Amino acid sequence: MEFHHPIMAAPMAGGPSSTALARAVASTGAMGFLAGGGKTAAQVTQDYRSVADAGRVGVNLFVPDVANTAVDPVASRQRRAEQLTEFREKLLPYAERLGVDIPTVEQAGENVTEDWDAKLHAAIEWPIVSFTFGLPAPAVFEHLHGSNTQVGVTVTSVAEARNAVDHGADFLVVQGPEAGGHRSVHDPQADPEDIPLLDLLDAVDDVVDIPFVAAGGIITPEQVLQVQEHGAVAASVGTALLLSDEAGTNPVHRQMLQEDRSGVTQLTRVYSGRVSRSLVNEIMELDAPAVYPEVNALMVPIKRAAAQIMDPRSTHLFAGTGYLQARTGPAADIVRWLAGERA
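As a starting point, this report considers the structure included with it. Residue positions are given per chain, counting from 1 as you read along its sequence in written order. With pLDDT at 70 or above as the cut-off, local features in this predicted model cover only qualifying residues; side-chain atom pairs require 80 or more to be listed or tallied, and sums for whole chains, interfaces and linings still use all residues. In computing side-chain values, all of the structure's heavy atoms are included and hydrogens and water are not.

## Some words on the side chain of T149
At step 1: With respect to the helices and strands, T149 occurs in the loop between α6 (138-145) and β5 (150-155).
At step 2: Two N or O atoms count as a polar contact when they lie within 3.5 Å, although within protein this holds only if one can serve as hydrogen donor and the other as acceptor, and sequence-adjacent residues are included solely when both atoms are side-chain atoms. Among the polar contacts made by the side chain of T149, one reaches the side chain of S147 at a distance of 3.1 Å. Secondary structure elements follow DSSP: runs of H or I no shorter than four residues count as helices, runs of E no shorter than two count as strands, and numbering proceeds from the N terminus.

This is the structure we're talking about:
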C-alpha cells in the first residue's frame, strides 16, 4: 500500500463523511474515505460509485460481533438482554421528552450483522477497504486481496496491530485515545488503552513492517509532521474536517463544536455501546452496557429527534481532544493547510 499524500480523511459514520467531503478531500491528492457503518451494502455501493472518479477514496466497514475474531461466541445472550432492558428503562424519560418511541430489546437485536456478507461481496469493486471495531477472519482478507483490494485495519494497541498483520492487513490505522468518535477496540467488552498516540506509534513501529497511518487528535500541520516523525506514513483526520463546508455534520453538532469553548471531551458508551469520545452533554450521565449494535439501535430515535430540534442534550457530539482548533471553510483548503501547502 503506497501513500503519496500526508493526509487521509477519517471515516465518520452517521453523516459527517458525505460523498461531497470524500470528493473534496480526494481532489487535493489526499485520500478521501466513505463510512459504511450503519448503511446497507446498496447505499455504500451507490456512495462509492458516485465518487469513484474523484481520486483515491476508501470505504470503511464496521465489523459486526458475529464476524469479529476478538469476540467470545459463548457470551451470554441472557445477560445481554438483561443489560439492554435495564438501559432501555433509563432511556424512557429522554424518549418521552422528545416524543419518540424506542425499539424493544427484541427489536434492537433483530439486525446485528451490519449487512456484512453483502458488503463483503460489494467490496471487491472498492480499491481500498478498512475495518473498524474488530478483525475479520483471514479468509476475508484473502477474498478482498483476490480483487487487488488494499485492506486496512484500525487498531488501538500493539496486540491488535500484530493480529491485524497476521490476518493479512496491508496497512494499519493506529488510533490513539485522543480520537473523537468511536475507538476501534477489537474486544467490545474491553476498556480502551490510554497510551498517548505518539507513544503508541513508536510501539507499533517496533513490531510491524507494513505502513501505518496515525489517528487521534491530529488537527494542525505541526501535529501531522509530528506523527510522521514517529513512523506514520500519513495522518487520518476527522475532527479537523467536521466544520468543513462539505462535511455532513448535522447542524446541532456543528453549532456545539463552535460554541462549546471548554475544550473538554469525555469517553462514553451511551451512544452505541462502543466507547466513543464526545463533547459532554446530559445523556452521557447514563451508563450503557458494552452491547453493540443493540445500544445504538435503542439510541437512534433519541439521537435523531434531538438533532432535528437542535437539542444538544441527548444526541452525540463526537469530537477529538483538539476540537477547539477545528477550522471552517472548504475541505480542500483545510487539507492543503494540514499538509503544509498554501490554500
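After that view of the structure, there is still more to cover.
## Brief notes about the sheet that holds strand β3 (residues 57-62)
At step 1: Spatially, the 8 strands line up as an open sheet ordered β1-β9-β8-β6-β5-β4-β3-β2, and their pairing is parallel. The sheet is open, and its two edges are formed by β1 (7-9) and β2 (32-35), each paired on a single side. Averaged over all pairs of adjacent strands, the angle between their axes in this sheet comes to 25 degrees, without regard to strand direction.
At step 2: Bridge analysis of strand β4 (residues 128-132) against β5 gives 4 bridges, and the strand direction is parallel. Directly across from V129, in β5, lies its bridge partner V151.
At step 3: Running at roughly 165 degrees to β2, helix α1 (residues 19-26) makes contact with β1, β2 and β3 of the sheet. One requirement defines pairing of two strands: DSSP has to find at least two bridges between them. To obtain an axis, a line is fitted to C-alpha atoms, over the contacting stretch when the element is a helix, and the angle between two such axes runs from 0 to 180 degrees between their N-to-C directions. The contact rule is simple, with two residues in contact once any of their heavy atoms fall within 4.5 Å.

## Observations regarding α1
At step 1: For the exposure calls, accessible area comes from a 1.4 Å probe over protein chains only, and a residue counts as buried if that area is under 20% of its type's maximum, exposed if over 50%, partly exposed in between. Every buried residue belonging to α1 is among L21, A22, A24, V25 and A26, and all of these are buried.
At step 2: Of the surrounding elements, those touching the buried residues of α1 are β1, β2, β3 and α12 (331-338).

## Some words on the environment of A331
At step 1: Relative to the elements of secondary structure, A331 occurs in helix α12.
At step 2: Given a relative accessible area of 0%, A331 falls into the buried group.
At step 3: Between the C-alpha atom of A331 and that of V174, which follows or precedes it by 157 residues, the distance is 23 Å.
At step 4: If we ignore the near neighbours within four places in the chain, the residues touching A331 are L21, A24, L241, S244 and E246.

## Some remarks on the pairing of β4
At step 1: Across the 5 residues that make up β4, a large majority, 5, are buried.
At step 2: In β4, alternate side chains face the same way, and those of I128, S130 and T132 on one face and V129 and F131 on the other are all buried.
At step 3: Pairing of β3 with β4, which is carried by 4 bridges, proceeds in the parallel orientation. In the sheet register, F62 faces β4, and the bridge partner there is T132.
At step 4: Crossovers are described as right-handed under a simple rule: with the strands pointing away from the observer, the path leading from the first strand over the helix to the second runs clockwise. Crossover connection from β4 via α6 to parallel β5: handedness right-handed.

## Let's talk about the pattern of salt bridges
Note that side chains of opposite charge can pair when their charged atoms are close.
At step 1: Salt bridge, as used here, is a side-chain nitrogen of Lys or Arg placed within 4 Å of a carboxyl oxygen of Asp or Glu. Following the criterion strictly, the structure yields 11 salt bridges and no others.
At step 2: A salt bridge links K39 to D47; its shortest N-O distance comes to 2.6 Å.
At step 3: Measuring nitrogen to oxygen at the nearest pair gives 3.9 Å for the salt bridge that ties R269 to D191. Taken together, the positions of R269 in the loop between β10 (265-268) and β11 (276-279) and D191 in the loop between β7 (181-182) and α8 (197-205) put the pair 78 residues apart, joining distant regions of the chain.
At step 4: Residue R269 is classed as buried on the basis of its relative accessible area of 14%.
At step 5: D191 gets classed as exposed once you look at its relative accessible area, which sits at 66%.
At step 6: Among the ionic contacts, a cluster of salt bridges with common partners joins D65, R80, R274 and E294.

## What to know about helix α3 (residues 77-98)
At step 1: The end-to-end C-alpha distance of α3 is 30 Å, a good match for the 32 Å that 22 residues give at a rise of 1.5 Å each.
At step 2: Of all the bends in α3, the largest measures some 35 degrees and sits at L91, one to four residues before the proline P93.
At step 3: Turning to α3, its buried residues are L84, F87, R88, L91, Y94, A95 and L98.
At step 4: Among the residues trailing α3, G99 stands out with phi positive, at a value near 75 degrees. Helices are assigned an expected span. That span is 1.5 Å times one less than the residue count. At any given residue, the bend is defined as the angle formed between two axes, one fitted to the seven residues that end at that position and one fitted to the seven that begin there.

## Topic: the nonpolar core
At step 1: Residue types Ala, Val, Leu, Ile, Met, Phe, Trp, Tyr and Cys, when buried and joined through side-chain atoms within 4.5 Å, form a set referred to as a nonpolar core. Membership of the largest hydrophobic core comes to 72 residues, with the highest contact counts inside it found for W126, F131, L172, V204 and L241.
At step 2: Among the elements that line this core, the one with the most residues is α1, at 5 residues.
At step 3: Ignoring sequence-local partners within four residues, the contact set of W126 consists of V44, T45, Y48, V59, L61, K119 and T149.

## A few points about the packing of α3 against helix α11 (residues 294-308)
At step 1: Direction vectors running N to C along α3 and α11 enclose 5 degrees, while the axes themselves pass 10 Å from each other. With respect to α11, the element α3 is oriented roughly parallel. Taken together, the residues of α11 that come into contact with α3 (itself represented by R80, L84, F87, R88, L91, Y94, A95 and L98) are E294, V295, L298, M299, I302, A305 and A306.
At step 2: Following the grouping adopted for this structure description, the nonpolar residues are Ala, Val, Leu, Ile, Met, Phe, Trp, Tyr, Cys and Pro, the charged ones are Asp, Glu, Lys and Arg, and the polar ones are all others, Gly among them. Looking at side-chain class alone, the contact of α3 with α11 contains 12 nonpolar, no polar and 3 charged residues. Reported orientations rely on four angle classes, namely roughly parallel under 35 degrees, roughly antiparallel over 145, roughly perpendicular from 65 to 115, and oblique for the rest.

## What about a negative patch on the surface?
At step 1: For patch building, the residue pool is restricted to those with more than 30% relative accessible area and no salt bridge; the joining distance is 9 Å between like charges and 5 Å between nonpolar side chains (Val, Leu, Ile, Met, Phe, Trp, Tyr). Residue-level accessible areas treat just the shown protein chains as cover; the underlying method is Shrake-Rupley with a 1.4 Å probe. Charge counting follows a simple rule: Lys and Arg are positive, Asp and Glu are negative, and His as well as the terminal groups are ignored. Note that the charge is assigned to NZ on lysines, CZ on arginines, CG on aspartates and CD on glutamates. Taken together, the side chains of D199, D202, D205 and D206 make up a negatively charged region of the molecular surface.
At step 2: Tracing the sequence through the fold places D206 in the loop between α8 and β8 (212-215).

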